[in-house]
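A structural walkthrough
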Amino acid sequence: MNTYVVLLTMTSAELDNVAGPIEDAFADGAPETRQTIERHGGKLVEVYLTMGQYDGVLIAEFPDDIACARAMLALRNSGGITQTLRAFPESQWHEIAGDSERTPQ
């Protein structure tokens, strides 16, 4: 599975769909997001509320870029704006560097 870091911005449209106080929605976690990711073959590893430019950060795993892109489109349909970064673990850096014979220390 490939790892992706997703920067999430909630739009007013997404917040308008929240029934009840926003605090209650946050207290329930992110079940819809988790279901959307799983429906597209992925796994939500962790989700964080953040302060600053982005409202949240998701760490997710998907079998490939296409599955991730489809899930991000589905999240966009619910009103969120995403910026998705493919993350490569240290164990793959030697491969990226073109040295497939070398293994990390």
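Our subject in this report is the structure included herewith. Here the residue index of a chain counts from 1 through its sequence in written order. Thresholds applied to this predicted model are a pLDDT of at least 70 for local features of residues and 80 or more for the giving and counting of side-chain atom pairs; totals over whole chains, interfaces and linings are not thresholded and use all residues. Heavy atoms throughout the structure, all of them, feed into the side-chain values; hydrogens and water do not.

1. Topic: the overall build of the protein chain
Helix and strand definitions here come from DSSP, where helices need a minimum of 4 consecutive H or I residues and strands a minimum of 2 consecutive E residues; each element is numbered from the N-terminal end. Counting its regular elements, the protein chain contains five helices and four strands. Seen in sequence order, the protein chain has helices and strands lined up from the N terminus as β-α-α-α-β-β-α-β-α. Here's how the labels work: a residue is buried when its accessible area is under 20% of the maximum for its type, exposed when over 50%, partly exposed in between, all with a 1.4 Å probe on protein chains only. Per-residue burial over the protein chain gives 27% buried out of 105 residues. Only heavy atoms enter the contact rule, under which two residues are in contact if any of them lie within 4.5 Å. By sequence separation, contacts in the protein chain at least 24 residues apart represent 60% of the contacts at least 6 residues apart. Carbon and sulfur atoms make up 52% of the accessible area of the protein chain, which amounts to about 7,200 Å² in all. Accessible surface area values rest on a Shrake-Rupley calculation with a 1.4 Å probe, where residue burial reflects the displayed protein chains alone.

2. Quick word on the packing of aromatic side chains
Note on aromatic pairs: the rings of Phe, Tyr and Trp (six-membered ring only in Trp) are paired at centre separations within 6.5 Å, and the planes decide the class, stacked below 30 degrees, edge-to-face beyond 60, tilted for the rest. For the coordinates displayed, the defined rule picks out one aromatic pair. Both rings, one in Tyr 4 and one in Phe 62, keep their centres 5.8 Å apart while their planes meet at 70°; by these two values the pair is edge-to-face. A residue pair is termed long-range when its members are at least 10 positions apart, and Tyr 4 in strand E1 (residues 2–10) and Phe 62 in strand E3 (residues 56–62) qualify at 58 residues. Classification of Phe 62 as buried rests on a relative accessible area of 0%.

3. Description of helix H3 (residues 31–39)
Buried within H3 are the following residues: Thr 33, Thr 36 and Ile 37. Take H3 and look down its axis: the buried residues cluster within an arc of 95°, on one side only. Seen from the buried face of H3, the exposed residues on the opposite side, beyond 90 degrees, are Glu 32 and Arg 39. In this structure, the buried residues of H3 make contact with strand E2 (43–49), E3 and helix H4 (65–77). One or two positions beyond H3, positive phi appears at Gly 41, with a value near 85°. Arc, as used here, means the arc of the directions from the helix axis to the C-beta atoms.

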